[in-house]
Amino acid sequence: MKTTYRLNGKKITQKKLIELTGADRVKRLTEDAKEAYMEDPATELDYFLGHQKMLNIQFS
């Protein structure tokens, strides 16, 4: 399963996201998103990161 991260609507790499938020937080958010996706694939997976930043995680 491929994971795509979007920060404020712009595609971002996992490496850059880890630099911005920390490895633990990215891992926790990805696991939470994966669990929510498995329950209902139509669910929007958006997370507020503070300072007007919105993270969207998509799986394909």
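In this text, all values refer to a predicted model and were calculated from it rather than measured experimentally.

A. Up close: the pattern of salt bridges. Applying the stated rule across the entire model yields one salt bridge. Notably, a salt bridge pairs lysine 16 with glutamate 19, separated by 3.9 Å at the nearest N-O pair. You can see lysine 16 and its partner glutamate 19 sitting in helix 1 (residues 14–21), three residues apart, about one turn around the helix.

B. The side chain of asparagine 56, seen in detail. Within the element layout of this structure, asparagine 56 appears in strand 4 (residues 53–59). In this structure asparagine 56 comes out as buried when scored by relative accessible area, which is 13%. Within the structure, the side chain of asparagine 56 is placed 2.5 Å from the side chain of aspartate 46, a separation counted as a polar contact. Separated by 3.4 Å, the side chains of asparagine 56 and glutamine 58 make a polar contact. Other than its neighbours up to four places away in sequence, asparagine 56 contacts Thr4, Tyr5, Arg6, Glu44, Leu45 and Asp46.

C. How the structure looks around unusual backbone geometry. Here the phi dihedral of asparagine 8 falls at roughly 55°; this positive angle occurs in a residue that is not glycine. Structurally, the position occupied by asparagine 8 is in the loop between strand 1 (3–7) and strand 2 (10–12). Although it is not a glycine, glutamine 52 sits at a positive phi angle of roughly 60°.

D. Focus on the side chain of threonine 30. By the element assignment, threonine 30 lies in helix 2 (residues 23–39). In this structure threonine 30 comes out as buried when scored by relative accessible area, which is 12%. Threonine 30 has contacts with Tyr5, Ile57 and Phe59, leaving out every residue within four places of it along the chain.

The rules behind these values
- Residues numbered from 1 in each chain as written.
- Predicted model: local features only at pLDDT ≥ 70, side-chain atom pairs only at ≥ 80, totals over all residues.
- Heavy atoms only, no water.
- Salt bridge = Lys/Arg side-chain N within 4 Å of Asp/Glu carboxyl O.
- Helix = DSSP H or I, 4+ residues; strand = E, 2+ residues; numbered from the N terminus.
- Buried < 20%, exposed > 50% of the residue type's maximum accessible area, 1.4 Å probe, protein only.
- Polar contact = N/O pair within 3.5 Å; in protein donor to acceptor, adjacent residues only side chain to side chain.
- Contact = heavy atoms within 4.5 Å.

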